[in-house]
Amino acid sequence: MQLVIPESRRASLNKKQQWIDRMLFTRSLLQSSQFITVLSLVGRRPEEGDILPVSKFCLRKCWVKKFSDVPQCKSFFLKGTTPNLPGILVGGIFKNEDRYKPICQKYKNFYRFATLYDTFNRIPVFSAYTFTGNTTGRPIDRWMIEPGLEGVNRTEMQIQEGGSYKHQAEQKDYKNSKYRGVNRGHLFPSSHAHDLDTQKSTFTLTNIVPQVVSFNDGSWKTMERNVRGTLKLNCKDANDQIKAYVVTGAVPNNNKTKLNNRVNIPYLMWTAYCCENKKYKKNKKWMAGAYWGENKKGTGALDQQTLGALEIMLNRYYKGKDGPVKVFPEDCPRGPKPTTSS
């Protein structure tokens with residue numbers, strides 16, 4: 001957050017008074033619940049246009065309690081409402097703030113999507129994004145990491161430049177992944193991004209899980225293509241523009257098998273979408289759908305399921321008194337009672 005002093009006020013202040021005003025402004029920010037972007041200032045007083053620093057403690061651990069504390073993150077969720085996952089995220093509050101970290105994925109000074117990251121398993125719990133159409137092609141793979149997870153004072157994702165990372169996956173974790181039969185699987189797929197820079201932003205390892213190669217390149221890829229077509233054809237907002245809300249997640253494996261002895265290889269992956277469609281007659285003007293599949297060889301074609309069926313299935317894995325699972329708000333139709341199981 002940047003302090004801007006009006007011209008009329010600035011003209012009447014000497015440099016010392018301006019510096020005092022900035023310090024008072026910083027203190028008021030630290031006492032508020034707002035998310036603060038920080039920039040380290042070394043060896044000089046703040047000047048107009050500087051982004052003010054916070055304490056060393058905040059540099060190490062300056063996380064918001066809710067995605068909604070950051071307006072740009074809030075917009076990636078339908079009505080600003082985050083999923084309800086018992087034991088993890090309930091009513092927008094994280095049950096274990098040391099383990100689960102909200103990331104407003106920022107690239108080239110724009111927020112692109114939102115991720116809830118599990119620093120213990122070193123995989124995302126989910127990524128949430130808005131689908132507004134897609135661009136063609138695929139950018140060169142330049143994998144990035146999230147500096148903030150390591151207490152580094154950077155405001156957005158960056159290309160990994162050596163070093164090691166305690167709280168997230170890194171390049172060397174995936175170096176020999178093909179020998180384990182897995183590769184990098186996107187939660188927010190680059191094929192669902194509306195422009196090139198948003199495509200590039202999906203190549204952060206905080207948006208990636210170890211996914212079985214045949215599953216990633218087979219039925220999951222086919223599902224992503226089918227969903228993309230469905231959303232482009234059916235999801236239109238009041239201005240007749242393509243818009244859908246999508247949440248894609250991974251259920252971690254409970255066994256001790258990990259990629260590079262560090263990164264959890266998920267047991268199951270899931271995705272759900274919800275969007276407004278004035279032409280959709282049932283359940284008023286909203287439509288929703290879901291898919292899921294086990295992260296293993298031989299996973300066959302993924303059939304579309306109802307949102308309600310997905311939530312019932314996820315209740316098996318996310319248990320607690322603060323349930324049940326709810327991926328989207330009530331506006332999104334849950335559909336008929338599911339007749340199939342998985």
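Anything mentioned here points back to the structure above.
Residues numbered from 1 in each chain as written. Predicted model: local features only at pLDDT ≥ 70, side-chain atom pairs only at ≥ 80, totals over all residues. Heavy atoms only, no water.

This part takes up the overall build of the protein chain. Scanning the protein chain from terminus to terminus reveals eight helices and 14 strands. Classification of the 342 residues of the protein chain by burial places 49% in the buried group. Look at the contacts in the protein chain between residues 6 or more apart in sequence, and 65% of them connect residues 24 or more apart. Put simply, the protein chain shows about 17500 Å² of open surface, and 50% of that area lies on carbon and sulfur atoms. (Helix = DSSP H or I, 4+ residues; strand = E, 2+ residues; numbered from the N terminus. Buried < 20%, exposed > 50% of the residue type's maximum accessible area, 1.4 Å probe, protein only. Contact = heavy atoms within 4.5 Å. Areas by Shrake-Rupley, 256 points an atom, 1.4 Å probe, with all protein chains shown as cover.)

One open sheet accounts for six strands, arranged β3-β4-β5-β10-β13-β14; its pairing is antiparallel. In this open sheet, the two strands that pair with only one neighbour each are β3 (100–107) and β14 (286–294). Strand after strand, the sheet turns through a mean of 15° between neighbouring axes, direction not considered. Bridge count between strand β13 (residues 268–276) and β14: nine bridges; the pairing is antiparallel. Looking at β14, one finds that Leu-268 is bridged to Glu-294. In this fold helix α7 (residues 219–234) packs onto β5 (123–131), β10 (244–251), β13 and β14, with an angle of close to 5° to the strand it touches most, β13. (Pairing = 2+ DSSP bridges. Axes fitted to C-alpha atoms, helices over the stretch in contact; angles between N-to-C directions.)

With that settled, consider unusual backbone geometry. Following Gly-323, the chain continues to Pro-324 via a peptide bond in cis, the omega torsion being 0°. Note that Pro-324 resides in the segment after α8 (307–314). In the Ramachandran plot, Asn-261 falls in the positive-phi region, its phi being about 55° despite a non-glycine side chain. Counting through the fold element by element, Asn-261 comes out in the loop between β11 (258–259) and β12 (263–264).

A separate point is the nonpolar core. Tyr-174, Leu-231 and Met-269 are the most contacted members of the largest nonpolar core, which totals 39 residues. Going through the elements one at a time, β4 (110–118), β5, β9 (208–212), α7, β10, β13 and β14 are the ones with two or more residues in this core. With four residues, the single largest contributor to this core is α7. When neighbours within four sequence positions are excluded, Met-269 is seen to be in contact with His-186, Leu-187, Val-209, Gln-211, Phe-215, Trp-220, Gly-249, Ala-250, Tyr-291, Trp-292 and Gly-293. (Core = buried A, V, L, I, M, F, W, Y, C linked by side-chain atoms within 4.5 Å.)

Take the packing of aromatic side chains next. Summed over all chains, the structure comprises nine aromatic pairs. Here Phe-67 and Phe-94 contribute two aromatic rings whose centre-to-centre distance is 5.8 Å and whose plane-to-plane angle is 80°, an arrangement assigned as edge-to-face. Highlighted residues: Phe-67 in the loop between α3 (56–60) and α4 (71–74) and Phe-94 in strand β2 (residues 93–94), separated in sequence by 27 residues. Taken individually, Phe-67 and Phe-94 each receive the classification buried, so the pair is uniform in this respect. Relative to Phe-126, the ring of Phe-77 has its centre 6.3 Å away and its plane inclined at 90°; by these criteria the two rings are edge-to-face. With Phe-77 in the loop between α4 and β1 (89–90) and Phe-126 in strand β5, the pair connects residues that are 49 residues apart, well separated along the chain. The residues Phe-77 and Phe-126 share a single accessibility class, namely buried. Within the aromatic cluster, the residues linked to one another by ring pairs are Phe-67, Phe-77, Phe-94 and Phe-126. A cation over a ring is seen here: Lys-258 above Phe-120, with NZ or CZ 5.1 Å from the ring centre. (Phe/Tyr/Trp six-rings, centres within 6.5 Å; stacked < 30°, edge-to-face > 60°. Lys NZ or Arg CZ within 6 Å of the ring centre and 35° of its normal.)

Now for the pattern of salt bridges. For the coordinates displayed, the defined rule picks out 11 salt bridges. Put simply, Asp-141 and Arg-138 hold a salt bridge, and the shortest N to O gap is 3.6 Å. For Asp-141, a relative accessible area of 38% gives the class partly exposed. Put simply, Arg-334 and Glu-311 hold a salt bridge, and the shortest N to O gap is 2.8 Å. Of this pair, Arg-334 sits in the segment after α8 while Glu-311 is found in helix α8, placing the two residues 23 residues apart along the sequence. Residue Arg-334 shares its accessibility class with Glu-311, and that shared class is buried. (Salt bridge = Lys/Arg side-chain N within 4 Å of Asp/Glu carboxyl O.)

Read these as layout, nothing more, since geometry by itself doesn't imply function.
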